[in-house]
Amino acid sequence: MIGRLFGDRPISRPEDDAFGLSSFADALATSLLQMSPRDGLVVSVEGPWGAGKSSAIALAMRTVMLRVLAAIGEGREEMEGLSDADLQARWIKLAKRRQTHIVKFNPWSFSGQENLVRAFFSELSSQLQLESESWWSRQMNRIAGYLPSFGGTVATGSALAAGASLWGIAAAAGAIGRALGEIGQKAFSKDASLELAKKKLAGALRTSEQRVIVVIDDLDRLMPSEMRAVFSLVKSLGDLPNVLYVLSFDDAIVHKALHQTAEKIEPDFLEKIVQVSLKLPPPWRSELHQLLYERLNAIIGDASPADENRWRRMMTGVIDPYLETPRDVTRLVNSIQVIWPNVQGDVDLTDLIGITTLQLFDPKVYDLIRNEIETITYADYNDEDDDDLGKRLEPAMAENPEAAKVAMTILFPRLSKAWKTFSGDSTVYLLQKEQRRISTKEYHRNYFVFGRDPRMMTRSEIDGLLTAPNPSKTLDAAIRRLESDTSGPPSRIATMLGQFIEVVYARPLLTPAFVRALFRQRGPSYSPRGRGVGHGGHPQRRAPFQYHHAWARKTRCGSAHRDSGNTGGVRKRPSDSDDRRRSRRATARPVRKRAGA
């Protein structure tokens, strides 16, 4: 059964913070509430994808709401216990009593440059119009008549239309007019009226004590043209008094995308828009490790790596270099959580996490391994020299060549030998098989088929046979089930014998009762097709369990002769007729006298 996957949604409560974002969010909330920008302010929260920008902003906005509501007499302790939905409801209910407003806009929810700008105006007005009798409503209605309807989209007279028209004023005054193209130029033809409306709005904002915080998240997910449209919009509106913009984006991605647009972008384009740039502090490696271990332990339960030293090498040399953000951890553990129930007990835990890390963060290396896995494990034997194989499989195309090569040497001792690198792994092949490693030709399929190889019995089935209270009956049922499977060679029964050897080599599960049951089994001499079940379909050969039975009889009878028939070289007990012939020869042979007798 697959448990609940770990979410990638932003957190908004300090108790859910595992990476120290709360202190950053608290400082941001303090600045937003204490600053008095007479000409507006644009603040950016910058960091790579998955670093926690949205969580930091959500924590900051919750802190803003708690402080504003506490300032007007609401109990802080009571509100801190409220859920996000209940706190938002309280925030809206008390709109007339507070002077701070928060507007959230996610541009990723919309597409198209023109739709994006319209959506911003509509979203801004709709959230502010929740306070229909507020100061904002009166200011919007006062200047709504200056603007024409926007292509029929904005209906005059409604609250939404008033808000959308109001915020359209600033668009005409700046670069956003160019972004809208010809339609925007025609719609905003009354420049004088629009500029006058903007001045009136700015004057009203300046004399009032109203504060508006506009949050625009996920800017780095937009198309380059859409990014430019939003930045131009913010530049046009950024000088309105007491309006603070909080922008969230990955600085490297935004700069790269803006330089891909047709129109040339100046190097200092963002610096002219953003007045305060805040870099989100990266998570500490120890915090990422702690999150990974907690979530992995919740998934695997009592399971543990078969080789602790090997796991440590995989963690430090492979997994850790690929994990940069909390989102990376979430992606990895969610993949393991989906795969683990299907392969539990039939894969090596270290190998599973290592190959899944490559699949997620270095897919070209994963594809290389998947395409060459039968060659690496000798499942598809060829006479390629190990040195030649090592040169051919060099992970030069990897996102992280060093980590990828370390992963391949840990996963495959053959490549470690070919590259002459120390892997610290001297595990014999039989134990590798018992651990179900990816380096074995018997079990490598378990890592690529999203489940177990149907040709092999599962570990739980093998352990069940070895520890059954009535092994004779259980083993007989297993043989009857497997003997009709002719999908080999090798046969399913021969494969089962090999799996018994693997387990017995590593763990003391072989009981006297099972040994007696194993040696007493007399499988049929022929399958329904008239062929032996243990020899790849060759006729006139006994089933493998008969040979074990013959070997057992031999050990009880002392000396034995090698069978002259087609028995695969198994020594068998002499028959009664053999004893009689030897007796007659001994009787007929003359006895020599010893010298001096």
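All values reported here derive from a predicted model rather than from experimental measurement. (Residues numbered from 1 in each chain as written. Predicted model: local features only at pLDDT ≥ 70, side-chain atom pairs only at ≥ 80, totals over all residues. Heavy atoms only, no water.)

Observations regarding the overall build of the protein
Working step 1: Of the regular secondary structure elements, the protein holds 26 helices and seven strands.
Working step 2: Of all 597 residues assigned to the protein, the portion counted as buried reaches 49%.
Working step 3: A separation of at least 24 residues holds for 70% of the contacts in the protein among residues at least 6 apart in sequence.
Working step 4: Roughly 30200 Å² of accessible area belongs to the protein as shown, and the carbon and sulfur atoms make up 51% of that amount. (Helix = DSSP H or I, 4+ residues; strand = E, 2+ residues; numbered from the N terminus. Buried < 20%, exposed > 50% of the residue type's maximum accessible area, 1.4 Å probe, protein only. Contact = heavy atoms within 4.5 Å. Areas by Shrake-Rupley, 256 points an atom, 1.4 Å probe, with all protein chains shown as cover.)

Points about the pattern of salt bridges
Working step 1: Scanning the model with the defined rule gives 27 salt bridges in all.
Working step 2: One salt bridge connects Arg-285 with Asp-320, and the closest N-O pair in it is separated by 2.8 Å. Of the two residues, Arg-285 is situated in helix α12 (residues 285-300) and Asp-320 in helix α13 (residues 308-322); the sequence distance between them amounts to 35 residues.
Working step 3: Accessibility expressed as a relative area gives 30% for Arg-285, which makes it partly exposed.
Working step 4: Relative accessible area serves as the criterion here: at 18%, Asp-320 is assigned to the buried category. (Salt bridge = Lys/Arg side-chain N within 4 Å of Asp/Glu carboxyl O.)

Some words on the environment of Phe-105
Working step 1: Its location among the elements puts Phe-105 in strand β2 (residues 100-105).
Working step 2: What makes Phe-105 buried here is its relative accessible area of 4%.
Working step 3: Taking C-alpha positions, Phe-105 is 5.0 Å from Ile-216, a pair spaced 111 residues apart along the chain.

Digging into helix α21 (residues 459-466)
Working step 1: Among the residues of α21, Arg-459, Ile-462, Asp-463, Leu-465 and Leu-466 are the ones counted as buried. All buried residues of α21 lie within an arc of 160 degrees about the axis, which places them on one face of the element. (Arc of directions from axis to C-beta.)

Quick look at the side chain of Asp-218
Working step 1: Positionally, Asp-218 belongs in the loop between β3 (211-216) and α10 (224-237).
Working step 2: Owing to a relative accessible area of 12%, Asp-218 belongs among the buried residues under this scheme.
Working step 3: Discounting residues that sit within four places of it in the chain, Asp-218 has contacts with Ser-54, Asn-106, Pro-107, Trp-108 and Ser-248.

Structural notes on the side chain of Arg-492
Working step 1: Relative to the assigned elements, Arg-492 resides in helix α23 (residues 492-506).
Working step 2: Polar side-chain contacts of Arg-492 include one of 3.0 Å to the backbone oxygen of Arg-455. (Polar contact = N/O pair within 3.5 Å; in protein donor to acceptor, adjacent residues only side chain to side chain.)

Looking at the environment of Met-35
Working step 1: One can find Met-35 in the loop between α1 (21-34) and β1 (41-46).
Working step 2: Met-35 gets classed as partly exposed once you look at its relative accessible area, which sits at 27%.
Working step 3: Considered as a pair, Met-35 and Leu-244 are 209 residues apart in the sequence and their alpha carbons are 9.3 Å apart.
Working step 4: Setting aside anything within four residues of it in sequence, one finds Met-35 in contact with Leu-41, Arg-211 and Leu-244.

Description of helix α16 (residues 363-376)
Working step 1: Taking 1.5 Å of rise per residue, 14 residues should cover 20 Å, and α16 covers 18 Å from first to last C-alpha, within 8% of that figure.
Working step 2: When the local axis directions of α16 are compared, the greatest deviation, roughly 40 degrees, occurs at Arg-370.
Working step 3: Within α16, the full set of buried residues consists of Val-365, Tyr-366, Leu-368, Ile-369, Glu-372, Ile-373, Thr-375 and Ile-376.
Working step 4: Lining the buried residues of α16 we find α15 (349-361), α17 (386-392), α18 (401-411) and α19 (413-418).
Working step 5: Tyr-378 occupies a position one or two residues after α16 and carries a positive phi of about 65 degrees. (Expected span 1.5 Å × (residues − 1). Bend = angle between axes of the 7 residues up to and from the residue.)

Some points on the packing of helix α22 (residues 471-482) against α23
Working step 1: Interaxial distance between α22 and α23 falls to 9 Å at its minimum, and their mutual angle equals 140 degrees. Judged by the inter-axis angle, α22 sits oblique to α23. Where α22 approaches α23, its residues Leu-475, Ala-478, Ile-479 and Leu-482 are matched on the opposing element by Arg-492, Ile-493, Met-496 and Phe-500.
Working step 2: Here the contact of α22 with α23 is built from residues that sort into seven nonpolar, no polar and one charged. (Axes fitted to C-alpha atoms, helices over the stretch in contact; angles between N-to-C directions. Parallel < 35°, antiparallel > 145°, perpendicular 65-115°, else oblique. Nonpolar A, V, L, I, M, F, W, Y, C, P; charged D, E, K, R; others polar.)

Re the pairing of β3
Working step 1: Of all six residues in β3, six are buried, a share of seventy percent or more.
Working step 2: Residue alternation in β3 divides its side chains into two sets, Arg-211, Ile-213 and Val-215 and Val-212, Val-214 and Ile-216, and both sets are buried.
Working step 3: Of the pairings in the sheet, the one linking β2 to β3 comprises six bridges and is parallel in character. Looking across to β3, one finds that Val-103 is bridged to Val-214.
Working step 4: Alignment of β3 against strand β4 (residues 243-249), held across five bridges, turns out to be parallel. Among the inter-strand pairings, Val-214 is bridged to a residue of β4, identified as Tyr-245.
Working step 5: Handedness of the β3-α10-β4 crossover: right-handed. (Pairing = 2+ DSSP bridges. Right-handed = clockwise from strand over helix to strand, strands pointing away.)

Considering the environment of Leu-411
Working step 1: Following the sequence through the fold, Leu-411 ends up in helix α18.
Working step 2: Overall, Leu-411 belongs to the buried group, its relative accessible area being 0%.
Working step 3: As a C-alpha pair, Leu-411 and Gly-354 span 57 residues in sequence and 7.9 Å in three-dimensional space.
Working step 4: Beyond its immediate stretch of four places on either side in the chain, Leu-411 contacts Arg-310, Met-314, Asp-351, Ile-355, Leu-358, Ile-438 and Ser-439.

Digging into the sheet that holds β1
Strand-to-strand pairing in sheets goes through backbone hydrogen bonds, with the strands running parallel or antiparallel.
Working step 1: One open sheet holds the five strands; their spatial order is β2-β3-β4-β1-β5, and the pairing between them is parallel. Looking at strand neighbours, the two that pair on one side only are β2 and β5 (276-279), the edges of this open sheet. The mean angle between the axes of side-by-side strands here comes to 15 degrees, regardless of whether they run parallel or antiparallel.
Working step 2: On top of the sheet, helix α2 (residues 53-71) reaches β1, β2, β3 and β4; it is set at about 160 degrees to β2, its chief contact.

Side note on the nonpolar core
Working step 1: In terms of nonpolar packing, the biggest core is built from 48 residues, with Leu-292, Ile-319 and Leu-358 touching the most fellow members.
Working step 2: Among the elements of the structure, α12, α13, α14 (326-343), α15, α16 and α18 are those that each provide at least two residues to this core.
Working step 3: Broken down by element, this core gets its largest block of residues, seven residues, from α14.
Working step 4: Discounting residues that sit within four places of it in the chain, Leu-358 has contacts with Tyr-322, Pro-363, Val-365, Tyr-366, Ile-369, Ala-404, Ala-407 and Leu-411. (Core = buried A, V, L, I, M, F, W, Y, C linked by side-chain atoms within 4.5 Å.)

Notes on unusual backbone geometry
Glycine aside, a negative phi is what most residues show, and trans is what most peptide bonds show.
Working step 1: In this structure, Asn-242 takes a positive phi of about 65 degrees despite not being glycine.
Working step 2: Positionally, Asn-242 belongs in the loop between α10 and β4.
Working step 3: Take Asn-242: its relative accessible area is 7%, and that puts it in the buried class.

Looking at the confidence of the model for the protein
Working step 1: Overall, the prediction assigns the protein a mean pLDDT of 74, with 68% of residues at 70 or greater.
Working step 2: Ranking the elements of the protein by mean pLDDT puts helix α7 (residues 159-173) last, at 30, and α15 first, at 97.
Working step 3: Note that pLDDT drops below 50 for residues 523-573; the model gives that stretch 71 contacts with residues more than four away or on any other chain. (pLDDT = per-residue confidence, 0-100.)

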